[in-house]
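Examination of the molecular architecture
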Amino acid sequence: MDRLKAIECLVSAVECGTLSKAAEKLQISVAAVSRGVSELESHLGIRLLQRTSRRLVLTEGGNHFYQRGKQLLLDLEEAEAEASQTTAQPTGTLKVNVPVTFGIQHLAPLWPDFLQRYPELRLELSLSDQKVDVLEAGYDLVVRIAALPDSSLIARRIATTHSLLCAAPSYLARVGLPNHPDELSQMQAIGYSYARQRDEWNFQHIHSGQTARVTVPTHMQVNNGDTIRLAALSGMGVILQPSFLVGDDLKAGRLVQLLPEWQGPTYGVYALYPSRKHLSAKVRVLVDYLQHAFGTAAEQDPWCSLA
């Protein structure tokens, strides 16, 4: 028997638990499965399986070979899938979860072109700023904004955004401009309730590297960036929000950047998906599309004049 087929017999026998179930899965006879395992044992000179009346038990050497053999079959399957994807048109439903504000402002304009390029795809899109379990929720891909993706998922950076400290001219006319981050403790602030440290803002001086950590009096906590932005525009206080949210307001003068020499945290915008193994064509084309759409934004912040 072909050695690759014999390895497939061993792996299927272990995963199915019996030779008969492995034979059913592989659509060959039980005798053929048994012969494949026996030929491997003869070739290697070791026993791979202990056969009992009820189950199959891997030997120590058999377990090692099973793990390597299973990986070999997975690598082969992935290579075949990648080769076929070069010509195959992605099809099926693509289930994606994205942040609310970033999804509306910067991803929504991309979807018409994406679906026009891949007409056999159906996009199932949900918007949420909360952390989601990709596997449990059944998402093919999620977009998240973080300093570093704290996850076992595969992460591809598609953009970069800086946190900018700003407020409306109407608010600054009442309280004046701060000269140092410490003075923020005397000002009203609007916080983001999903932030890890909701009332503590961190800064670094862009020239000296000096750091500052300030506890700000947030008289309003919100779990949505658009609401925070509107609150700031109405003169309710200072905000520390990503450039993709406030960049246009700063350029138009609706908001004023404060302490520009003090930089807030920098975040990556990441496309996250479960594994490179058996990465489907539909996920692959979406990740590639997003990276191409944002171009150099992966390294340079396109919404921030400081980048």
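Above this text is the structure in question.
Rules behind the numbers
- Every chain begins its residue count from 1, and numbering advances along the sequence as written.
- In keeping with the predicted nature of the model, local features appear solely for residues at pLDDT of at least 70, side-chain atom pairs appear and are counted solely at 80 or more, and the whole-chain, interface and lining totals rest on all residues.
- Think of the side-chain values as coming from all heavy atoms in the structure, minus any hydrogens and water.
- Residues enter patches when they are more than 30% accessible in relative terms and free of salt bridges; like-charged ones are connected within 9 Å and nonpolar ones (Val, Leu, Ile, Met, Phe, Trp, Tyr) within 5 Å.
- Accessible surface is estimated by sampling points in the Shrake-Rupley manner with a 1.4 Å probe; for residues, cover comes only from the protein chains shown.
- We define a salt bridge as a contact between a side-chain nitrogen of Lys or Arg and a carboxyl oxygen of Asp or Glu at a distance within 4 Å.
- In DSSP terms, a helix is any run of H or I states spanning at least four residues, a strand is any run of E spanning at least two, and both are numbered starting from the N terminus.
- Think of it in three bands: with a 1.4 Å probe and only protein chains considered, a residue is buried below 20% of the maximum accessible area for its type, exposed above 50%, and partly exposed in between.
- To get an axis, a line is fitted to the C-alpha atoms, and for a helix only the part in contact is used. The angle between two axes follows their N-to-C directions and goes from 0 to 180 degrees.
- For classification purposes, an angle smaller than 35 degrees is called roughly parallel, one larger than 145 roughly antiparallel, one from 65 to 115 roughly perpendicular, and anything else oblique.
- What makes a crossing left-handed is the near helix being turned counterclockwise from the far one by less than a right angle; a clockwise turn instead makes it right-handed.
- The contact criterion used throughout is that any non-hydrogen atoms of two residues lie within 4.5 Å.
- Each residue gets one of three labels, nonpolar for Ala, Val, Leu, Ile, Met, Phe, Trp, Tyr, Cys and Pro, charged for Asp, Glu, Lys and Arg, and polar for the others, Gly among them.
- Aromatic pairing here means that ring centres of Phe, Tyr or Trp (its six-membered ring) are within 6.5 Å. Orientation follows from the plane angle: under 30 degrees is stacked, over 60 is edge-to-face, and everything else is tilted.
- Over a ring means this: the NZ of a Lys or the CZ of an Arg is within 6 Å of the ring centre and within 35 degrees of the ring normal.

Digging into a nonpolar patch on the surface
Judged by side-chain polarity, Leu4, Leu72 and Leu76 come together as a nonpolar surface patch covering roughly 220 Å² of accessible area. Position of Leu76 among the secondary structure elements: in helix H4 (residues 60-85). A residue is classified by how much of its surface remains accessible, and Leu76, at 34% relative accessible area, is partly exposed.

Observations regarding the packing of helix H1 (residues 3-16) against helix H2 (residues 19-26)
Between H1 and H2, whose axes approach to 8 Å, the crossing angle comes to 120°. In this view, H1 runs oblique relative to H2, as classed from their interaxial angle. Crossing of H1 against H2: the hand is right-handed. Across the interface between the two elements, Glu8, Cys9, Ser12, Ala13, Glu15 and Cys16 of H1 pack against Leu19, Lys21, Ala22, Lys25 and Leu26 of H2. Of the residues that constitute the contact of H1 with H2, the class distribution is six nonpolar, one polar and four charged.

A short note on the packing of aromatic side chains
Any pair of aromatic rings gets described here by the distance separating the centres and the angle formed by the planes. Under the counting rule described, the total for this entry stands at nine aromatic pairs. Note on Phe102 and Phe244: the rings are 5.0 Å apart at their centroids and 85° apart in plane angle, and the pair reads as edge-to-face. With Phe102 in helix H5 (residues 100-107) and Phe244 in helix H10 (residues 243-252), this residue pair connects regions lying 142 residues apart in the sequence. Each ring, one from Trp111 and one from Phe114, has its centre 6.3 Å from the other, and the planes form 75°; the classification is edge-to-face. With Trp111 and Phe114 both in helix H6 (residues 111-117) and three residues apart, the pair spans about one turn of that helix. Overall, Trp111 belongs to the buried group, its relative accessible area being 8%. Classification of Phe114 by relative accessible area gives buried; the value is 0%. Taken together, Phe102, Phe244, Phe294 and Trp303 form an aromatic cluster joined through their ring pairs. We note Lys95 situated over the ring of Tyr139; from NZ or CZ to the ring centre the distance is 5.1 Å.

All we've got here are geometric facts, nothing functional implied.
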